[in-house]
Amino acid sequence: MTAQLIDGNALAARTRADVSRRVQALKARGVTPGLAVILVGEDPASQVYVRHKVKDSEKAGLHSVLERHPATLSEADLLARIDALNNDPAIHGILVQLPLPKHIDAARVIESISPAKDVDGFHMASAGALVTGQPGFWPCTPYGCMKMLESIGYELRGKHAVVIGRSNIVGKPMALMLLAKSATVTICHSATQDLGAFTRQADVVVAAVGKRNVLTADMVKPGAVIIDVGMNRNDDGKLCGDVDFAAVREVAGWITPVPGGVGPMTRAMLLVNTLEAAERT
Ligand code: GUN
């Protein structure tokens, strides 16, 4: 059996088109959704990410502002900028690109963002809303993974989902979203003994570790759905995920490719969150 692909590029394009339509409707009511992206320092990967985020929002008709600051920016000055954006009615979403320089306390910065504008979903209030099932912003990557499962009409109720990885940005919120859909959820991580014993029982595996070949074909139940959040480089410098794609696709029922899987959906969900922040005002 060769798995069917879950095409993140196609789903992201449909999501962006839907966002554009809703943006036009909001603009007709006199509201233009606004996103502020803050980059501190010159991290090359971060520069690429923020360029994409700003370009995506402009294409979808959002107002977007990119604030670039030198790596020497003080924490107090960054907090002052966030305070100004919290109070700026033209801005509905604020995203501070991580990682921040070492002299800045990232947790303090995230907590300074108004929860109403926390379109990354990293604020404690957003995390608490997810835990308790209240409305709030969901982190873009696991939210995008849920949309991918929804796009294939997959019924999670009663299924066993195994999440590999326990980060605040992906693993933990992913497990909570799957749980909210009544899946039985197992979280595996670097200290898990015999990872394969868990994944072989899984109907759904989400791999979010950041290491190549964490999931190999012998670890997959035939027909399982495999969501690959990894972004790694192989020996030839080509982008690859956490999953041994070529071999796992011969066992799985559905699989997301890298590139063209979760990545484009993460970007699309930031637009959705920003739009919804504006819709709520
Ligand atoms: N750095 C890497 N991924 C992300 C993300 O999703 N949001 C922010 N703010 N920074 C990141």
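Please refer to the structure placed before this passage.
Residues numbered from 1 in each chain as written. Predicted model: local features only at pLDDT ≥ 70, side-chain atom pairs only at ≥ 80, totals over all residues. Heavy atoms only, no water.

### Structural notes on the pairing of strand S8 (residues 225-228)
Argument step 1. The two faces of S8 match: Val225 and Ile227 on one face and Ile226 and Asp228 on the other face are all buried.
Argument step 2. Both strand S7 (residues 204-207) and S8 contribute to a ladder of four bridges, which runs parallel. Bridge pairing links Ala207 to Asp228 in S8.
Argument step 3. Across two bridges, the pairing between S8 and strand S11 (residues 254-255) is parallel. Bridge pairing in S11 links Val225 to Trp254. (Buried < 20%, exposed > 50% of the residue type's maximum accessible area, 1.4 Å probe, protein only. Helix = DSSP H or I, 4+ residues; strand = E, 2+ residues; numbered from the N terminus. Pairing = 2+ DSSP bridges.)

### Topic: the sheet that holds S8
Argument step 1. As summarised here, the arrangement of the six strands in space is S1-S11-S8-S7-S5-S6, forming an open sheet in which the pairing is parallel. Each edge of the open sheet is held by one strand with a lone partner, namely strand S1 (4-5) and strand S6 (184-188).
Argument step 2. When S1 meets S11, the two strands line up parallel, connected through two bridges. Considered in S11, the bridge of Leu5 is made with Ile255.
Argument step 3. Across the sheet, helix H7 (residues 171-180) lies against strand S5 (160-164), S6 and S7, angled at about 170° from S5, the strand it touches most. (Contact = heavy atoms within 4.5 Å. Axes fitted to C-alpha atoms, helices over the stretch in contact; angles between N-to-C directions.)

### Regarding the environment of Val262
Argument step 1. Tracing the backbone shows Val262 in helix H10 (residues 262-279).
Argument step 2. Between the alpha carbons of Val262 and Arg81 there is a distance of 31 Å; along the sequence they are 181 residues apart.
Argument step 3. Leaving out residues up to four positions away in the same chain, Val262 has contacts with Thr141, Cys145, Met148, Ile227, Asp228, Val229, Thr256 and Pro257.

### Focus on the site of the ligand
Argument step 1. Around the ligand sit Lys53, Leu95, Val96, Gln97, Leu98, Asp120 and Phe122, and those are all the residues in its vicinity.
Argument step 2. Between the ligand and the protein, one listed contact pairs a nitrogen atom with a backbone N or O atom of Val96 at 2.8 Å.
Argument step 3. Contact with the protein chains removes 77% of the 280 Å² of surface that the ligand exposes when unbound.
Argument step 4. Applying the majority rule of atoms within 2 Å of the grid points places the ligand in the largest pocket.
Argument step 5. In terms of residue class, the shell around the ligand is built from four nonpolar, one polar and two charged. (Near = heavy atom within 4 Å. Polar contact = N/O pair within 3.5 Å; in protein donor to acceptor, adjacent residues only side chain to side chain. Areas by Shrake-Rupley, 256 points an atom, 1.4 Å probe, with all protein chains shown as cover. 1 Å grid on protein atoms, 1.4 Å probe; cavity = no way out; pocket = protein on both sides within 12 Å on 5 of 7 lines; lining within 4 Å. Sits in = over half its atoms within 2 Å of the grid points. Nonpolar A, V, L, I, M, F, W, Y, C, P; charged D, E, K, R; others polar.)

### What to know about the environment of Gln97
Argument step 1. Take Gln97: it is sitting in the loop between strand S4 (93-96) and helix H4 (106-112).
Argument step 2. What makes Gln97 buried here is its relative accessible area of 7%.
Argument step 3. Every residue in contact with Gln97, bar those within four places of it in the chain, is listed here: Ile38, Leu39, Ser46, Tyr49, Val50 and Lys53.
Argument step 4. At 2.7 Å, the side chain of Gln97 forms a polar contact with the side chain of Lys53.

### Quick word on the sheet that holds S4
Argument step 1. Read across the open sheet, the three strands follow the order S3-S2-S4; overall the sheet is parallel. Of all the strands in the sheet, just strand S3 (63-69) and S4 have a single pairing partner and so form its edges. The sheet shows a mean angle of 15° between the axes of neighbouring strands, taken without regard to direction.

### Details of the packing of aromatic side chains
Argument step 1. Enumeration over the complete set of coordinates arrives at one aromatic pair.
Argument step 2. Between the aromatic rings of Trp138 and Tyr143, the centroid separation amounts to 5.3 Å while the plane-to-plane angle is 65°, which identifies the pairing as edge-to-face.
Argument step 3. The cationic tip of Lys159 hangs over the ring face of Tyr154; the distance from NZ or CZ to the ring centre is 4.8 Å.
Argument step 4. Residue placement shows Arg280 over the ring face of Phe137; its charged tip is 4.5 Å from the ring centre. (Phe/Tyr/Trp six-rings, centres within 6.5 Å; stacked < 30°, edge-to-face > 60°. Lys NZ or Arg CZ within 6 Å of the ring centre and 35° of its normal.)

### Structural notes on the environment of Ala247
Argument step 1. Along the chain, the position of Ala247 falls in helix H9 (residues 245-248).
Argument step 2. Separated by 62 residues in the primary sequence, Ala247 and Val185 place their C-alpha atoms 25 Å from one another.

### Considering the side chain of Thr15
Argument step 1. Tracing the backbone through its elements, the reader meets Thr15 in helix H1 (residues 8-28).
Argument step 2. Excluding residues that lie within four positions of it along the chain, Thr15 makes contacts with Met265, Ala268, Met269 and Val272.

### Observations concerning the pattern of salt bridges
Argument step 1. Applying the stated criterion across every chain yields a total of 11 salt bridges.
Argument step 2. The shortest N-O distance in the salt bridge between Asp18 and Arg22 comes to 3.5 Å. Taken together, the positions of Asp18 and Arg22, both in helix H1 and four residues apart, correspond to about one turn of that helix.
Argument step 3. Linking Lys147 and Glu150 is a salt bridge whose minimum nitrogen-to-oxygen distance equals 3.8 Å. Within this pair, Lys147 and its partner Glu150 are both found in helix H6 (residues 140-151), separated by three residues, close to a single helical turn.
Argument step 4. For Lys147, a relative accessible area of 28% gives the class partly exposed.
Argument step 5. One network of salt bridges, in which partners are shared, links Asp18, Arg21, Arg22, Glu276 and Glu279. (Salt bridge = Lys/Arg side-chain N within 4 Å of Asp/Glu carboxyl O.)

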